[in-house]
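# Structural characterization, general
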Amino acid sequence: MTPESTPRQRRLVIGILIATVLTFTLVTLDLARGGRPDPPALRAAATLLDGAWRFHTGDDPGWASPKLDDSAWGTIDLTAPPGSHDGDVGLPDYVGGWMSHGHPDYHGYAWYRRTLDIPPGPGSWDILGPTLVENGYELYWNGRLLGGSGRLGPDPRLVGTRPTQFALPADAAGTRGVLAIRAYLPPGAGAAEDGGGLHSAPILAPRPISDGLHRAQWERTIAGYVVDAIEPLAMFATVGLALWGWPRSGQKGFLLFAAFALAFRAARRLNNATVAWTDLQDLSTYAWLASWMWVPAVAAWTLAWNRWCGRPWRSVDGAAIVLASIGMAGALSHAARVTQGCRIASILLLVVIGIRIAREGPMRLLATVTLASIMVAMFGGELLDPLGVPGIWFPFGIGVSRTQYLYVLVIPLVAMVIARTIPSRDTVPR
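This report concerns the structure included in the present document. Predicted model, so just to flag it, every value in this text is computed and none were measured.

### A short note on the layout of surface pockets
Taken as a whole, the second largest pocket holds about 570 Å³ of empty space. At 10 residues, helix α1 (residues 7-34) tops the list of elements feeding residues into the lining of the second largest pocket. Across the lining of the second largest pocket, the residue classes tally to 20 nonpolar, six polar and one charged.

Written as C-alpha cells, this is what we have:
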C-alpha cells in the first residue's frame, strides 16, 4: 500500500470521524439526562427511609416477622452526608455499609428492620428498593416477601443491584408495619472498608410518584453504563470493518489478530452493562470472566502489531504465547504476583514492537500513536496510577472511567488504521 491514502480510504476515515462525533454527542446527552437530580416535586412527595434502622448480623427467617422484639439489636444510620454519591456510577445518597458501622470484615447475612407508618388515603404505595447493595437482598413487609435482588438461601445467586419497585399490599394505607431487609455479602467477596449491605436507603412513595422516581433511577442507571454498551458496539463494528477489508488488504495478519483482540475487549466491556442492567450474568461469573479476559486480548494485540512491519518476529510471537499461558494460569489461580509480572512483561514486549514500528513500519505516526493508546487503555493501572491520574471522573454527576475515556480515542484510531490498510478495487495489495 502506498503512503498516500486512496479515495476509498478517505471516505472510510471521514465516515469513522462522523460516526465518532455523532456517537459521542448522543452519549454525552444521555449522561447529562441521567445525571440530573430526581425531580424535586417527586422527591417532595416521597419519603427517603434513611435514619436509624435496627441491625443484626446472622440469619433467621423469623427476623422478618412484625412480632419480633428487636429492641436488643444494634442500629445503623442510613442517613447520607449531603452531596454524597457512590464512586462508580454516581448514585446519590450513598452511605457506608456495615463494615464502617462497627462490623469490619464481616461477610455473610445480616438484617435491617424499621417500623413504618403508611399515610392514609385511597392510593397505592410502593417501596423503591435500595439501588446499591453488597451483594444481594430480600425485602419484606410484615413478614411477607415482596422481592429483592438475586436469589438468597442455600444456593445464593447474586446479581447486580438495579432500581426495583415493590408494591405494598392494597390495604397498607393508613397502617403501621415492619419493613425488613435481608442482605448478603458472600465469604471471599472483595469489599472496601465501608463495604457490606445497604449503601442507600429505600424510598416510600405513592403511585404514580413512585413510577416517576423509578423511571429517574433507571435513567441514571442506564447512563452509568451506557458507555460500556456503546463502546463494545463500536468495537464490533470495527471488527466488521476488519473482516470486510481482510480479503483485499496487504495486512491480513494484522487485521485477523486485531479483530480477535477487539472482540475480546468488546465482550469484556459489555459484561459491565450486562451485569448492571440484567440478571443474565451473576456476579461470580462476571468476576471470573473479568479476571482472565484481558489475557487473550493482550496476546492478540501483541501478535497483531508484530505483523504490522511485514514479517513478524518469531521471538515476539513465542514470548506473547508464553506470557498468555502464564498470565492465564496466574489469573485463574488468583496468583497476583504472577499476573502482575505478566502484565509488566507484556508492556515491555509491546514497547519493543512500538520501537520497530516507529523505525520502519508503514503509517508510522498513526500506527505508533494507536499502539500507544491501546497500551495505556489496557495497562492503566501500571502506566497511569503512578502518575496520579484518577480512575474515574463524574461529568454531569455520572461516573465515566478513564478506560472508557481512552477507548473514545482508541476505537476511531484503530478503525482508521484498518481503513488505511484497505486498498481501492484497482489497487493490488502488496
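### Overview of empty space enclosed by the protein
Using the criterion set out here, one finds five cavities of 30 Å³ or more in the structure. Here the largest cavity defines a volume of roughly 140 Å³. Lining the largest cavity are 13 residues, and of these P92, D93, T131, I203 and Q217 sit closest to its centre. The class makeup of the residues in the lining of the largest cavity is five nonpolar, four polar and four charged.

### A look at the packing of aromatic side chains
Counted under the stated rule, the structure contains 16 aromatic pairs. Plain terms: the ring middles of W63 and W111 are 6.4 Å apart, the flat faces sit at 85° to each other, and that makes the pair edge-to-face. With W63 in the loop between β2 (52-57) and β3 (74-77) and W111 in strand β4 (residues 108-117), this residue pair connects regions lying 48 residues apart in the sequence. With respect to burial, W63 and W111 carry one shared label: buried. Through a chain of ring-to-ring contacts, three or more aromatic side chains come together here, namely F55, W98, Y106 and Y112.

### Topic: unusual backbone geometry
Residue E134 is joined to N135 through a cis peptide bond whose omega torsion reads -5°. Following the sequence through the fold, N135 ends up in the loop between β6 (133-134) and β7 (136-141). In this chain, R207 is followed by P208 through a cis amide linkage whose omega measures 10°. When you line up the elements, P208 lands in the loop between β12 (203-206) and α3 (209-245). Non-glycine residue H334 carries a positive phi angle of around 60°. Taking the relative accessible area as the measure of exposure, H334 reaches 66% and is therefore exposed.

### Description of the packing of α1 against helix α11 (residues 402-420)
At their nearest, the axes of α1 and α11 sit 9 Å apart, and the two run at 165° to each other. Overall, the two elements α1 and α11 adopt an arrangement that is roughly antiparallel. The handedness of the crossing between α1 and α11 comes out as right-handed. Touching Q9, L12, V13, I16, L17, T20 and F24 of α1 are V408, P412, A415, M416, A419 and R420, all from α11. For the contact of α1 with α11, the class distribution of residues is 10 nonpolar, two polar and one charged.

### As for the environment of V27
Relative to the assigned elements, V27 resides in helix α1. V27 sits in the buried class, given a relative accessible area of 12%. Sequence separation between V27 and V226 is 199 residues, and the spatial gap between their C-alpha atoms is 7.2 Å.

### Considerations on the nonpolar core
F254, W301, W305, W308, I357, M378 and I418 are the most contacted members of the largest nonpolar core, which has 55 residues in total. Contributions of two or more residues to this core are made by α1, α3, α4 (252-277), α6 (294-305), α7 (314-332), α8 (336-360), α9 (364-378) and α11. A total of 11 residues in this core trace back to one element, the largest contributor, which is α11. Listed in part, the 31 residues of the second largest apolar core include L49, F55, L139 and L204.

### A look at the sheet that holds strand β9 (residues 165-167)
What the four strands build is an open sheet, ordered β1-β12-β5-β9; its pairing is antiparallel. Either end of the sheet is taken by a strand with one partner, and the two such strands are β1 (47-48) and β9. Both strand β5 (residues 125-128) and β9 contribute to a ladder of three bridges, which runs antiparallel. The residue bridging D126 from the neighbouring strand is A167, located in β9. Sheet strands in contact with α3 are β5, β9 and β12, and its direction is about 130° off that of β12.

### What to know about the pairing of β4
Most of β4 sits out of view: eight of its 10 residues are buried. The pairing of β2 with β4 spans four bridges and is antiparallel. From the neighbouring strand, T57 faces β4, where its bridge partner is A110.

### Regarding α7
In this model, α7 (19 residues) spans 27 Å end to end at C-alpha, consistent with the 27 Å of a helix rising 1.5 Å per residue. Among all positions in α7, only V316, D317, A320, L323, A324, G327, G330 and A331 are buried. Taken around the axis of α7, the buried residues stretch over an arc of 155°, which confines them to a single face. Exposed and facing more than 90 degrees away from the buried side of α7 are R314, S315 and I321. Along its buried surface, α7 packs onto α5 (283-292), α6 and α8.

What counts and how
- Residues numbered from 1 in each chain as written.
- Predicted model: local features only at pLDDT ≥ 70, side-chain atom pairs only at ≥ 80, totals over all residues.
- Heavy atoms only, no water.
- 1 Å grid on protein atoms, 1.4 Å probe; cavity = no way out; pocket = protein on both sides within 12 Å on 5 of 7 lines; lining within 4 Å.
- Points joined across faces, edges and corners; volume = space filled by probe spheres on them.
- Helix = DSSP H or I, 4+ residues; strand = E, 2+ residues; numbered from the N terminus.
- Nonpolar A, V, L, I, M, F, W, Y, C, P; charged D, E, K, R; others polar.
- Phe/Tyr/Trp six-rings, centres within 6.5 Å; stacked < 30°, edge-to-face > 60°.
- Buried < 20%, exposed > 50% of the residue type's maximum accessible area, 1.4 Å probe, protein only.
- Axes fitted to C-alpha atoms, helices over the stretch in contact; angles between N-to-C directions.
- Parallel < 35°, antiparallel > 145°, perpendicular 65-115°, else oblique.
- Left-handed = near helix turned anticlockwise from the far one by under 90°.
- Contact = heavy atoms within 4.5 Å.
- Core = buried A, V, L, I, M, F, W, Y, C linked by side-chain atoms within 4.5 Å.
- Pairing = 2+ DSSP bridges.
- Expected span 1.5 Å × (residues − 1).
- Arc of directions from axis to C-beta.

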